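Residues per chain are reported as follows:
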Amino acid sequence: MGDDIPDDHPRAASLRARDRLVAGVEAGLTSQQGLIAQGRGEAFDYLLGERTIDSAALAAEAAAATMLLADHPVISVNGNVAALAPEATVELARAVNAPIEVNLFHRSEERVELITEYLREHGAPTVLGVGADETIPGLSHDRSKVHSAGIFNADVVLIPLEDGDRAETLGAMGKTEIVIDLNPLSRSSVAASIPICDNLLRAFPRMIEATDRMAEAAPDELGAIIEAFDADHARDAAIQAIRSGDIAGISD
Ligand code: ATP
C-alpha cells in the first residue's frame, strides 16, 4: 500500500490516491464505480500537468469567500471524497462552520452510515445523510434524497465530484454551487457558479488556507473577491490549459 511508494516517485501523489480509493472500496466506503470516476479524473489531471492552474487558484479563493459569507453552507461528500480526503473535508467543514452531508449516487443506507462513522472518527462535528427526509424536485432515483437540515435548505453547496444531473438540479433550486471537478466540460462544472477545475486533493488545502487567511475579512472584501471571479473564464482557462498540451510538471 501507500508505504511502498517512494516519495521521489514522479507519480507518488497519484499512486497514493489510488491506494486510498482501493482501501475505500475494501472498507465499503467507496463504490467500485468510484474507481472509474477516479480514472476519468486522473486523465484530466494528467492533461492539466497535475498542478493547480492560476484560474483554479482564484476559484478556490472565491469559493472560500462564498462559504464564509453563506448563511447555510453545506459540504456534500460521496465515497470518493471520504476515501481520498477525510482529514481535509473535516478541516474545511470546521473552518467554514458547515455541516457535511453524505450523498451517494449508488446509495445504500449501510454505506451512508459507514461514511458518516468514518468522518466522525476523523473529527467531523455534524454529518448528515442518515434518515434523509427531503427530495430534490425533478430528480429520479435515490440520489434525490437530501436532508432538510443540510442540502435541502442550504444557500451554498460545495459539491466535489458530483453527478452532473444532480448538480444541474441543485442549481435549478437556486443554490450557489461550488463544484470541484477536474473536467471543465462536465455538466457539474458547467452548472457551477464557481467551478474549481482542480484535483480535490489540491483544492481542499487551498480552500482551507484561503479561509484561514480571510477569517477576519469584512463582508465587503469577501464580496469583492466573489465579484471579481468569472466562472466562464475559469472553465475556458482550464480547457486552454488541457489543449495546450503543456504537461511539463509530469516527467513520467
Ligand atoms: P457529468 O458531470 O458530465 O455528468 P459524470 O458525473 O458522469 O460527468 P463521473 O464519471 O461520475 O462524471 O466522474 C466524476 C467526475 O469527477 C469526472 O468529471 C472526473 O473528472 C472528476 N474527478 C474524479 N476524481 C477527481 C478528483 N480527485 N478531483 C477532482 N475531480 C475528480
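As the structure is a prediction and not an experimental result, all values here were calculated from the model. (Residues numbered from 1 in each chain as written. Predicted model: local features only at pLDDT ≥ 70, side-chain atom pairs only at ≥ 80, totals over all residues. Heavy atoms only, no water.)

Taken together, 19 residues are adjacent to the ligand, and Leu161, Asp181, Arg187, Ser188 and Leu200 come closest. Coverage of the ligand by the protein amounts to 84% of the 640 Å² it exposes when considered alone. When atoms are counted within 2 Å of each cavity's grid points, the one that captures over half of the ligand is the largest pocket. The element best represented in the shell around the ligand is helix 2 (residues 32-47), accounting for five residues. A per-class count over the shell around the ligand returns six nonpolar, seven polar and six charged. (Near = heavy atom within 4 Å. Areas by Shrake-Rupley, 256 points an atom, 1.4 Å probe, with all protein chains shown as cover. 1 Å grid on protein atoms, 1.4 Å probe; cavity = no way out; pocket = protein on both sides within 12 Å on 5 of 7 lines; lining within 4 Å. Sits in = over half its atoms within 2 Å of the grid points. Helix = DSSP H or I, 4+ residues; strand = E, 2+ residues; numbered from the N terminus. Nonpolar A, V, L, I, M, F, W, Y, C, P; charged D, E, K, R; others polar.)

Here the focus is the pattern of salt bridges. One side chain can pair with another of opposite charge once the charged atoms of both are near each other. Under the defined criterion, the tally for this structure stands at 16 salt bridges. Ionic pairing is found between glutamate 109 and arginine 107, a salt bridge with its closest N-O pair at 3.2 Å. With relative accessibility at 35%, the residue glutamate 109 sits in the partly exposed group. Notably, a salt bridge pairs aspartate 165 with arginine 187, separated by 2.9 Å at the nearest N-O pair. On the criterion of sequence distance, the pair formed by aspartate 165 in helix 7 (residues 164-172) and arginine 187 in helix 8 (residues 187-191) is long-range, its members being 22 residues apart. For aspartate 165, a relative accessible area of 26% corresponds to the partly exposed category. We classify arginine 187 as partly exposed; its relative accessible area is 43%. (Salt bridge = Lys/Arg side-chain N within 4 Å of Asp/Glu carboxyl O. Buried < 20%, exposed > 50% of the residue type's maximum accessible area, 1.4 Å probe, protein only.)

Among the five residues that make up strand 1 (residues 73-77), five are buried, leaving the element largely enclosed by the rest of the structure. As paired elements, strand 1 and strand 6 (residues 156-160) share three bridges and run parallel to each other. Of the residues in strand 6, the one forming a bridge with proline 73 is valine 156. Where strand 1 meets strand 2 (residues 100-102), three bridges bridge the pair, whose relative direction is parallel. Among the inter-strand pairings, isoleucine 75 is bridged to a residue of strand 2, identified as isoleucine 100. (Pairing = 2+ DSSP bridges.)

Let us now look at the nonpolar core. Judged by nonpolar contacts, the single largest core of 44 residues is most densely connected at Leu158, Ile196, Phe204 and Met207. Every residue in contact with phenylalanine 204, bar those within four places of it in the chain, is listed here: Val81, Ala85, Ala88, Thr89, Leu92, Leu158, Pro160 and Ile180. Ile136, Val157, Ala167 and Leu170 belong to the second-largest nonpolar core, a separate cluster that totals 12 residues. (Core = buried A, V, L, I, M, F, W, Y, C linked by side-chain atoms within 4.5 Å. Contact = heavy atoms within 4.5 Å.)

When you line up the elements, aspartate 54 lands in helix 3 (residues 54-69). For aspartate 54, a relative accessible area of 67% puts it in the exposed group.

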